Amino acid sequence: MKKKLIAGNWKMNGNAASNQALLQALLAQSADWQCRVAVCAPMVYLDQVKGLIQGTAIELGAQDVSAHAAGAYTGETAADMLKDLGVRLAIVGHSERRQYHAETDAVVALKAQRALAAGITPIVCVGETLAEREAGITEEVVKRQLAAVIHANGHCISEIVVAYEPVWAIGTGKTATPEMAQQVHAILRAQLHAATEHAARVHILYGGSMNAANAAELLAQPDIDGGLVGGAALKAADFLTIIAAAR
Ligand code: 13P
């Protein structure tokens with residue numbers, strides 16, 4: 001069986017001192033880890049984090065990648081640049097980027113493509129808003145979001161990580177019940193199966209108020225292969241409890 005993956009998404013939080021303290025606290029316990037662990041740090045701290053986790057069990061992740069390869073795109077970071085820095089994973093299509101930066105399914109698919117071409121694993125986020133869940137179109141929404149990435153990436157699709165993050169559960173303290181999450185994960189797994197014979201090896205992470213108290217139940221679901229953790233990833237004790245629940 002594949003190892004679970006617990007990825008922390010630090011979002012726009014922290015500073016050099018807090019990054020160091022957090023990583024030191026995590027690494028002090030890393031001998032016991034049964035799962036893969038990654039941290040997705042802000043771009044400006046990737047180099048610092050890289051230095052602190054080199055040769056350890058923590059994998060380096062970014063929170064975004066440009067849809068463009070190179071050129072006049074002020075403020076953007078190319079996949080090749082991330083690769084150059086030793087980044088292994090990059091979140092693409094996080095709902096905060098879809099919402100605040102108007103990223104469309106097509107842009108997200110392109111970002112996943114750029115990451116894959118550079119040898120970086122895209123963590124492709126999908127998820128419905130509260131209005132979409134209440135309208136009964138959750139399945140339609142997440143399938144549309146994933147279909148765009150499948151369509152653009154063809155046979156490479158087994159190299160991606162998918163993160164199901166219901167928008168209404170992000171940062172709200174409201175978590176999808178394990179059954180609700182599993183139901184959507186199974187839909188996404190079936191969609192991957194239709195696209196690749198290697199669907200079973202794709203990690204499908206749950207994200208949205210995953211915390212020390214609810215992680216074990218969520219991670220016990222058959223199609224939940226890990227977590228994409230926001231707020232709780234900033235507290236060493238909480239993140240370590242989630243990591244310990246992933247076995
Ligand atoms: P929270 O864990 O803070 O709800 O954030 C989830 C998330 O958006 C991870 O990418």
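Heads up: these notes are all about the structure in this document. (Residues numbered from 1 in each chain as written. Predicted model: local features only at pLDDT ≥ 70, side-chain atom pairs only at ≥ 80, totals over all residues. Heavy atoms only, no water.)

### Side note on the overall build of the protein chain
Stated precisely, the cut-off is as follows: A run of DSSP states H or I qualifies as a helix once it reaches four residues; a run of E qualifies as a strand once it reaches two. Both are numbered from the N-terminal end. Within these notes, the globule rule equals 2.2 Å times the number of residues to the 0.38 power, and the radius of gyration is based on C-alpha atoms. When a residue's accessible area, from a 1.4 Å probe over protein chains only, is under 20% of the maximum for its type it is buried; when over 50% it is exposed; and in between it is partly exposed. Using a 1.4 Å probe, accessible areas were evaluated by the Shrake-Rupley method; residue-level cover was limited to the displayed protein chains.
Regarding its fold elements, the protein chain presents 10 helices and 8 strands. The C-alpha radius of gyration of the protein chain comes to 17 Å, within 12% of the 18 Å expected for a compact globule of 247 residues. In terms of overall dimensions, the protein chain has C-alpha extents of about 45 × 45 × 35 Å along its principal axes. A buried classification covers 51% of the 247 residues belonging to the protein chain. Of the roughly 10,900 Å² that the protein chain leaves accessible, carbon and sulfur atoms contribute 53%.

### Quick word on the pattern of salt bridges
It is possible for side chains of opposite charge to pair when their charged atoms get near one another. The cut-off we apply is this: Between Lys or Arg on one side and Asp or Glu on the other, a salt bridge is scored when a side-chain nitrogen of the former is within 4 Å of a carboxyl oxygen of the latter.
The full count for this structure, using the stated rule, is 16 salt bridges. R189 is the salt-bridge partner of D223, the closest N and O atoms lying 2.9 Å from each other. Taken together, the residues span a long stretch of sequence, with D223 in the loop between α9 (215-219) and β8 (226-229) and R189 in helix α8 (residues 178-195) at a distance of 34 residues. Across the pair, exposure class does not vary: D223 and R189 are buried alike. The partner of D225 in a salt bridge is R189, with the nearest N and O atoms 2.6 Å apart. Highlighted residues: D225 in the loop between α9 and β8 and R189 in helix α8, separated in sequence by 36 residues. This pair shows no difference in class: D225 is buried, exactly as R189 is. What you see here is one network of salt bridges that share partners, running through K2, R189, D223 and D225.

### Let's talk about the site of the ligand
Put simply, the rule is: Note on definitions. A residue lies near a molecule or strand when any single heavy atom of the residue is within 4 Å of it. Residues adjacent in sequence count toward polar contacts only when both atoms are side-chain atoms; beyond that, a polar contact is any pair of N or O atoms within 3.5 Å, and within protein one must be able to donate a hydrogen and the other to accept it. Here the nonpolar group is Ala, Val, Leu, Ile, Met, Phe, Trp, Tyr, Cys and Pro; Asp, Glu, Lys and Arg are the charged ones; every other residue, Gly included, is treated as polar.
All residues in the neighbourhood of the ligand are listed as N9, K11, H94, E165, A169, I170, G171, G208, S209, L228, G230 and G231. G171 is positioned such that a nitrogen or oxygen atom in its backbone is 2.6 Å from an oxygen atom of the ligand. Contact with the protein chains hides 95% of the accessible area of the ligand, taken as 300 Å² for the molecule alone. In terms of residue class, the shell around the ligand is made up of 3 nonpolar, 7 polar and 2 charged.

### Overview of the packing of helix α1 (residues 16-27) against helix α10 (residues 236-245)
Convention followed: The axes are straight lines fitted to the C-alpha atoms, using for helices just the contacting stretch, and the angles between their N-to-C directions are given from 0 to 180°. Each helix crossing is assigned a hand: it is left-handed if the near helix lies turned anticlockwise from the far helix by less than a right angle, otherwise right-handed if that turn is clockwise. Contacts are assigned to residue pairs that have any heavy atoms within 4.5 Å of one another.
Where α1 meets α10, the closest approach of the two axes is 9 Å, and the angle between their N-to-C directions is 35 degrees. Our pair here, α1 against α10, has a crossing hand that is right-handed. Taking contact as the criterion, the partners of L22, A25 and L26 in α1 are, on α10, A236, F239 and L240. Across the contact of α1 with α10, the residue classes tally to 6 nonpolar, no polar and no charged.

### Observations regarding the side chain of E103
Among the structural elements, E103 can be located in the loop between α4 (95-100) and α5 (105-117). Of the residues examined, E103 reaches a relative accessible area of 9% and is grouped as buried. A distance of 2.8 Å separates polar atoms of two side chains, one belonging to E103 and the other to R97.

### Concerning α10
Just so we agree on the cut-off: An arc is given here, and it is the one of the directions from the helix axis to the C-beta atoms.
Within the sequence span of α10, burial applies to A236, F239, L240, I242 and I243. Angularly, the buried residues of α10 cover 160 degrees about the axis, an arc narrow enough to put them on a single face.

### Here we look at the pairing of strand β7 (residues 204-207)
Note on strand geometry: in a regular strand, side chains alternate between the two faces of the sheet. To keep things clear, this is the line we draw: Paired strands, in this sense, are two strands between which DSSP finds at least two bridges. Viewed with both strands pointing away, a crossover whose connecting path from the first strand over the helix to the second turns clockwise is right-handed.
Judged by which residues are buried, β7 turns out to be covered on both faces: I204 and Y206 on one side and L205 and G207 on the other are all buried. Relative to β7, strand β6 (residues 161-164) runs parallel, the two being bridged by 3 bridges. Its bridge partner lying in β7, V162 is registered against I204. For the handedness criterion, the β-α-β arrangement of β6, α8 and β7 is classed as right-handed. The sheet contact formed by β7 and β8 spans 2 bridges and is parallel. Residue pairing in the sheet places Y206 in a bridge with G227 of β8.

### Digging into the sheet that holds strand β3 (residues 58-62)
Reading around the circumference, β1-β2-β3-β4-β5-β6-β7-β8 is the order of the 8 strands in this closed barrel, with parallel pairing throughout. Mean inter-strand twist for the sheet, computed between neighbouring axes without regard to direction, equals 25 degrees. Taken together, the 5 bridges between strand β1 (residues 5-9) and strand β2 (residues 36-40) define a ladder with parallel strand orientation. Along β2, the bridge assignment pairs L5 with R36. This element, helix α2 (residues 46-53), spans β2 and β3 of the sheet and lies at about 170 degrees to β3.

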